Amino acid sequence: MATPAIEAAVASIMGSSIINSNCPAGPAIFSVEVFGAVLTCVSEAFVILGTLCFNRRHSMPDSLIEHEARYCAQNYAPLPVMVVRGADCYVWDRDGRRYLDMMSAYSAVSHGHCHPRLVRALTEQASKLAVVSRAVYSDKLGPFLERACSLTHMDRALPMNSGAEAVETALKAARKWAYAVKGVPSGQAEIIACEGNFHGRTLGVLSLSTEPQYREGFGPFMAGCKAVPYGNADALASAITPNTAAFIVEPIQGEAGIRLPPPRYLEACAELCRKHRVLLIADEIQSGLGRTGKLLACEHESVQPDCLVLGKSLGGGLLPISLFLASAAVMDVFRPGDHGSTFGGNPLAAAVGLAALETLIDERLIERSAESGAYLLGGLQRINSPLIREIRGRGLWIGVDFDAAHVSARRIAERLLARGILAKETHGTVLRFAPPLTITREQIDWALGQWTDVLREAENELTRI
Ligand SMILES: Cc1ncc(COP(=O)(O)O)c(C=O)c1O
């Protein structure tokens, strides 16, 4: 709130009529008054500025963290850093401290933060037309979906927003296809997923989860869901029945700790699905769009799934954009009114999504992921430590599995943070590295240096205990 001194000073700037109305004593008196008021105002401004600077350097970051903690649901355990700006592979905190982002918002920022071409696509479209709903046609949606379909060899795409929504869409499509096309008796359709899967947090999707914490307290769940061990094609073969509509799989399990299946697993699953007329749904929300060094992780085994789910980096690190893609035979089970989303496929999202796909190709981000990923993985594997059980990954998607008896992955993440690197743990023991695909060799070399120091520190701590 403005103090009287500030009001008076503002009035002096704005004109004498205001002053005159407040100062009936005449020009000589009010000029002295105004001078005094300006002085008071300037000194008050200095106090305010000083307080702001102090808060900025001292109490404010903490109080803003407390603010978020006070008003936001406590469903995350963030690292103790408040980030205010990002550019390419770096983010900055309120004090101007720079961090190399090696998690890129769980792979949503594969293009790097605030990529200029994507920001341009966003702002140009935002100033023209942003949201119309699918009640009308837009000039942006067709080109975006055409590009997504041609890149992934799919016939049609259904646009949604978050990844979980797109997975829900896949499950609905699979069930409807099973009844309408495969001839599964009404209400009997089954979906098979893998143990340790992560496909999102909505109730339908959680019905596939085998993670106790994600399910506890949220039941009852959707019927007709089964889980088989990941990486075991024989287990899938045994689980398939005439009522099986679909098998949904992550080509590499991300949330579970960057778990790679044995070679030729996907190929064997695809073969089984073909044989039993079961839809193979690849959830490439995290593994897709170059993260593993191929456009799709399925390509490592030359597998073309029947259905595909994309999200995260499809939004170019700017917007939530997801797609369910499928063959015409599957997608055409949807009729107007069967399924939808107010925001799905809006012109703003379509413009950004198209720019994200084009940038991926034009800037060779997929190839860069393969090259930089191999370099980072090699570098990490060369650094021996008794704290580490395994280092695994593909492309720029790497998990370091720590021995829980010695150290927690969270502790390592905090040590890296103190040295200017953002990385996040999953399931207590695994530290995930998923930097923007634009990361350079110099940045990787610097990160490997910090990594070595952090490991040595943690080892020393261990020997002191
Ligand atoms: C493989 C996979 N599927 C689905 C999701 C859910 O995506 P969203 O958080 O956008 O709903 C995720 C998120 O991490 C994921 O990794």
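It should be noted that the structure appears before, not after, this text.
Overview of the sheet that holds strand S1 (residues 83–87)
Spatially, four strands are ordered S1-S2-S3-S13 in an open sheet, and the strand pairing comes out mixed. In the strand order of this sheet, the two ends are held by S1 and strand S13 (421–422), each with one partner. The pairing of S1 with strand S2 (residues 90–93) spans four bridges and is classified as antiparallel. Each bridged residue has a counterpart across the sheet, and for Val-83 the counterpart in S2 is Asp-93.

Describing the packing of aromatic side chains
By the definition in use, this model includes five aromatic pairs. Seen in terms of ring centroids, Tyr-230 and Tyr-265 are 5.6 Å apart; in terms of plane orientation they differ by 75°. Their pairing is edge-to-face. Here Tyr-265 lies in helix H12 (residues 265–276) and Tyr-230 lies in the loop between strand S6 (225–228) and helix H11 (233–239), a separation of 35 residues in the sequence. The exposure class assigned to Tyr-230 is buried, which follows from its relative accessible area of 11%. Take Tyr-265: its relative accessible area is 2%, and that puts it in the buried class. Judged by centre distance (5.3 Å) and plane angle (80°), the ring pair of Phe-433 and Trp-451 falls under edge-to-face. Here Phe-433, found in strand S15 (residues 430–433), pairs with Trp-451, found in helix H17 (residues 441–464); they are 18 residues apart in sequence, far enough to count as distant.

Looking at the layout of surface pockets
With a probe scaled to a water molecule rolled over the atoms, the places where space remains empty come into view. Of the voids in this model, the second largest pocket is the one considered here, and its volume is about 690 Å³. Forming the walls of the second largest pocket are 29 residues, and the residues nearest its centre are Arg-134, Leu-141, Ala-157, Leu-158 and Pro-159. Contributing elements (two or more residues each) for the lining of the second largest pocket: helix H7 (141–152) and strand S4 (156–160). By residue number, the principal contributor to the lining of the second largest pocket is S4, which donates five residues. Of the residues contributing to the lining of the second largest pocket, the split by class is 14 nonpolar, 11 polar and four charged.

Quick notes on the nonpolar core
The biggest cluster of nonpolar side chains holds 90 residues, and the ones touching the most others in it are Phe-144, Phe-247, Phe-402, Leu-431, Phe-433 and Trp-451. Non-local contacts of Phe-433, meaning those with residues more than four positions away in its chain, are made with Met-102, Leu-380, Leu-396, Trp-397, Ile-398, Val-400, Leu-416, Ala-423 and Trp-451. Grouped together as the second largest cluster of nonpolar side chains are 30 residues, Trp-177, Ala-178, Leu-208 and Ala-245 included.

Re the site of the ligand
In the neighbourhood of the ligand, the contacting residues comprise Ser-162, Gly-163, Ala-164, Phe-198, His-199, Gly-200, Glu-250, Asp-283, Ile-285, Gln-286 and Lys-312. Separating an oxygen atom of the ligand from a backbone N or O atom of Gly-163 is a distance of 2.8 Å. Side-chain polar atom of Gln-286 to an oxygen atom of the ligand: 2.8 Å apart, as the coordinates give it. For the ligand, the protein covers 80% of the area, taking 400 Å² as the surface of the free molecule. For the shell around the ligand, a count of residues per class yields three nonpolar, five polar and three charged.

Definitions and limits used
Residues numbered from 1 in each chain as written. Predicted model: local features only at pLDDT ≥ 70, side-chain atom pairs only at ≥ 80, totals over all residues. Heavy atoms only, no water. Pairing = 2+ DSSP bridges. Helix = DSSP H or I, 4+ residues; strand = E, 2+ residues; numbered from the N terminus. Phe/Tyr/Trp six-rings, centres within 6.5 Å; stacked < 30°, edge-to-face > 60°. Buried < 20%, exposed > 50% of the residue type's maximum accessible area, 1.4 Å probe, protein only. 1 Å grid on protein atoms, 1.4 Å probe; cavity = no way out; pocket = protein on both sides within 12 Å on 5 of 7 lines; lining within 4 Å. Points joined across faces, edges and corners; volume = space filled by probe spheres on them. Nonpolar A, V, L, I, M, F, W, Y, C, P; charged D, E, K, R; others polar. Core = buried A, V, L, I, M, F, W, Y, C linked by side-chain atoms within 4.5 Å. Contact = heavy atoms within 4.5 Å. Near = heavy atom within 4 Å. Polar contact = N/O pair within 3.5 Å; in protein donor to acceptor, adjacent residues only side chain to side chain. Areas by Shrake-Rupley, 256 points an atom, 1.4 Å probe, with all protein chains shown as cover.

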